[in-house]
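# Observations on the three-dimensional arrangement
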Amino acid sequence: GLGCQLDLASLPLLPGARDLLLQGIESTLAPANRTAETKIDVAHSLRSIPEFDILFDPQTSGGLLLGVAPQHVDATLDRLRQQSDIPAAVIGTVVESRSDTPPLQLTMTES
């Protein structure tokens, strides 16, 4: 009964990834990965931005994803940042799933 809400603006991107996607360059496997789009609730306007396209590129989807209880988020981020120069970020939250919407909801906060 759970889903998730991801904020596209919070996704850390590898250097140069956004520029390549803006040029229309993506992995040959990205189109096949787009079959997952039926499980995503996203505004039409967000479907044309690189931050959405990056979700389907297998070369850039190898990041570590952790589910952390809200009261432990700050301490976990601090610890990760102490251990590595690789950016750690909160990219979303777990939400109650609704039967009338896909389990993954995408948003884009203003930066």
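Please read these numbers as outputs of a predicted model, since none were measured by experiment.

The rules behind the values
- Residues numbered from 1 in each chain as written.
- Predicted model: local features only at pLDDT ≥ 70, side-chain atom pairs only at ≥ 80, totals over all residues.
- Heavy atoms only, no water.
- Salt bridge = Lys/Arg side-chain N within 4 Å of Asp/Glu carboxyl O.
- Buried < 20%, exposed > 50% of the residue type's maximum accessible area, 1.4 Å probe, protein only.
- Core = buried A, V, L, I, M, F, W, Y, C linked by side-chain atoms within 4.5 Å.
- Helix = DSSP H or I, 4+ residues; strand = E, 2+ residues; numbered from the N terminus.
- Contact = heavy atoms within 4.5 Å.
- Pairing = 2+ DSSP bridges.

### Topic: the pattern of salt bridges
Throughout the structure, instances matching the rule amount to six salt bridges. Taking the shortest distance from any N to any O, the salt bridge between Glu-26 and Arg-34 comes out at 3.7 Å. Given a relative accessible area of 31%, Glu-26 falls into the partly exposed group. A residue is classified by how much of its surface remains accessible, and Arg-34, at 22% relative accessible area, is partly exposed. The network of salt bridges with shared partners includes Glu-26, Arg-34, Glu-37, Arg-47 and Asp-53.

### A word on the nonpolar core
Grouped together as the largest cluster of nonpolar side chains are 15 residues, with contacts concentrated most on Leu-8, Ile-40, Val-42, Phe-52 and Leu-106. Elements with a contribution of two residues or more to this core: helix H1 (17-22) and strand S4 (104-107). Excluding residues that lie within four positions of it along the chain, Ile-40 makes contacts with Arg-47, Phe-52, Phe-56, Pro-102, Leu-104 and Leu-106.

### A short note on the sheet that holds strand S2 (residues 40-41)
Read from one edge of the open sheet, four strands run S2-S4-S1-S3, paired in mixed fashion. Lying at the two open borders of the sheet, with one neighbouring strand each, are S2 and strand S3 (92-96).

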